[in-house]
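Notes for the structure review
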2 protein chains.
Amino acid sequence: MAKRGPYRKGEAKRAEILEKALEVFAVEGYRGTSLRKVAAQCGLSMPGIMHYFDSREDLLTQVLKKRDEDARARHHDPLTLPSALEIIGESQHTPGLVELFVSLAAAASDTGHPAHAFFEERYRVFRETLAQRLEEAQRQGRIRAGLPPERLAPLALAVADGIQLQWMVDRSIDMSQAFADLFQLLEWVPAETGEPSD
Amino acid sequence: MAKRGPYRKGEAKRAEILEKALEVFAVEGYRGTSLRKVAAQCGLSMPGIMHYFDSREDLLTQVLKKRDEDARARHHDPLTLPSALEIIGESQHTPGLVELFVSLAAAASDTGHPAHAFFEERYRVFRETLAQRLEEAQRQGRIRAGLPPERLAPLALAVADGIQLQWMVDRSIDMSQAFADLFQLLEWVPAETGEPSD
DNA sequence: GTCTATACGACGATAGAC
DNA sequence: GTCTATCGTCGTATAGAC
């Protein structure tokens, strides 16, 4: 566990910068927060923090990756429908990170963007996991049939993402509500406690 | 109809710039398209085009406003569910404008942003109009009950917006399909031809 | 490997000449 | 109404101290 290899401290410092950056974007918002401001919060010069990242967009991508990991750690690892609802509710406390997510997703539409692979993978995994949960629920009769899980999954993901756009501009919108409404439409009923998943 | 008043040419020129800017963003994409490039396409210097707009973000807002107006003009004015489906399908041909829309929506989460009022109004009007169509459809039994129109409207809007994020990163996604799937879930059936609306 | 200092080009904004 | 010139800030690149 002690220092081993020359990269040991480097990784720690890199993680520290990431953590600080996450906090800065959460507190001060994404728009108008320059790398120099982030660097100042880390007590470093701007090239100082860029020693650990390829580019600004690389740093932003890592921030979103860490946000996902933090959320995954806060809840039980395998994403379930109730935990998805919780995560959506939690994001209401960090509008700056939602802003960062949406902004970077738009920029990442370019195939050559550093975050493109991240978003592609993220959406793919989320859709697959979601589809699994929905398939289980359908098989157990806890959810309406009518649409196959592979079609329901992107739909549910779209609701989760899309309601964010409305919420950003009108904070009185309840994001959890919208997601829950979709499942009410599906006549979803929770799994029995002790069941493997949901 | 002829020139009347000193502002006559100004408005025409302004509209011309807007039209050209819309085209530039549609063709070349949003990211990496500077005001100087737009200006060059207009045969003007950058301060030249800024004579007609308060700021870069003001110009971008007007571009999105014109995009909405163009879409509204292409279809019958009162938004119906089938025409909403068409508009979503059409946006697949202009990824640069989708990128612009999402990017600006994120930035406009700031209350002081020039586009904030535009998005607030846009979402409000869309939700209200959608809710009206859904209410009619429910009353005529052409759509499942279970959720009131005021809750269904933001949900449908979220699907339309959210599927864009997935599509931007994976162009094989069919945006119209996702929107149609929601209405399949609602067991929606089209209004009779000759009916007032849908 | 870690970090500072410095310089560079491009951006949006703006002042002032014409 | 439109230009040139300039400003401050951004992200980036590099040289070199330690």
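Criteria and cut-off values
Residues numbered from 1 in each chain as written. Chains lettered and ligands numbered in written order. Predicted model: local features only at pLDDT ≥ 70, side-chain atom pairs only at ≥ 80, totals over all residues. Heavy atoms only, no water. Near = heavy atom within 4 Å. Polar contact = N/O pair within 3.5 Å; in protein donor to acceptor, adjacent residues only side chain to side chain. Helix = DSSP H or I, 4+ residues; strand = E, 2+ residues; numbered from the N terminus. Nonpolar A, V, L, I, M, F, W, Y, C, P; charged D, E, K, R; others polar. Salt bridge = Lys/Arg side-chain N within 4 Å of Asp/Glu carboxyl O. Buried < 20%, exposed > 50% of the residue type's maximum accessible area, 1.4 Å probe, protein only. Contact = heavy atoms within 4.5 Å. Buried area = accessible area lost by both parts, 1.4 Å probe. Axes fitted to C-alpha atoms, helices over the stretch in contact; angles between N-to-C directions. Parallel < 35°, antiparallel > 145°, perpendicular 65-115°, else oblique. Least-squares fit on C-alpha atoms with pLDDT ≥ 70 in both.

Let's talk about the protein's contact with DNA strand D
Neighbouring residues of DNA strand D: 15 residues in total, closest Arg36, Met46 and Arg56 of chain A together with Ser45 and Tyr52 of chain B. For DNA strand D, the backbone portion of the atoms within 4 Å of the protein, that is sugar and phosphate, comes to 59%. Side-chain polar atom of Ser34 of chain A to a phosphate oxygen of DNA strand D: 3.3 Å apart, as the coordinates give it. A distance of 2.9 Å separates a base nitrogen of DNA strand D from a polar side-chain atom of Arg36 of chain A. Going through the elements one at a time, helix H2 (35-41) and helix H3 (46-50) of chain A together with helix H1 (8-28) and helix H3 (46-50) of chain B are the ones with two or more residues in the surface near DNA strand D. Classifying every residue of the surface near DNA strand D gives 6 nonpolar, 5 polar and 4 charged.

Side note on the pattern of salt bridges
Overall, the coordinates contain 24 salt bridges over all chains when judged by the stated rule. Arg74 of chain A is paired through a salt bridge with Glu90 of chain A; the nearest N and O atoms lie 3.1 Å apart. Taken together, the positions of Arg74 of chain A in helix H4 (residues 56-74) and Glu90 of chain A in helix H5 (residues 81-90) put the pair 16 residues apart, joining distant regions of the chain. Judged by its relative accessible area of 25%, Glu90 of chain A falls in the partly exposed class. Across the pair Asp170 of chain A and Arg127 of chain B runs a salt bridge whose closest N-O atoms are separated by 3.9 Å. Of this pair, Asp170 of chain A sits in the loop between helix H8 (149-169) and helix H9 (175-185) while Arg127 of chain B sits in helix H7 (residues 116-139), on two different chains.

Considering the interface of chain B and chain A
Taken residue by residue, the interface counts 46 residues in chain B and 46 residues in chain A. Both faces considered, chain B and chain A share a buried interface measuring about 3,900 Å² in area, 60% of it formed by carbon and sulfur atoms. Of all residues in chain B, Arg31, Val169 and Leu185 of chain B bury the most surface against chain A, accounting for 18% of the area lost on that side. Applying the counting criterion to the chain B and chain A interface returns 10 salt bridges. For Glu187 of chain A, the salt bridge identified is with Arg144 of chain B, shortest N-O distance 3.0 Å.

Some details on the packing of helix H1 (residues 8-28) of chain A against helix H6 (residues 95-107) of chain A
Residue and element names in this part refer to chain A. Direction vectors running N to C along H1 and H6 enclose 105°, while the axes themselves pass 6 Å from each other. The orientation of H1 with respect to H6, classified from their angle, is roughly perpendicular. Along its contact with H1, which presents Leu22, Phe25 and Ala26, the element H6 presents Gly96, Leu97 and Leu100.

Section: the relation of the copies chain B and chain A
Relating the two copies of this chain is a rotation about some axis coupled with a shift parallel to it. Superposing chain B onto chain A takes a rotation of 180° plus a shift of 0.0 Å along the axis, which leaves an RMSD of 0.1 Å. In the structure described here, the two chain copies are related by an operation that fits a two-fold rotation axis. For chain B, the residue whose C-alpha comes nearest the rotation axis is Gly162 of chain B, separated from it by 1.8 Å. Interface overlap between copies: 100% of the residues of chain B at the interface are likewise at the interface in chain A, consistent with a symmetric, same-surface contact.

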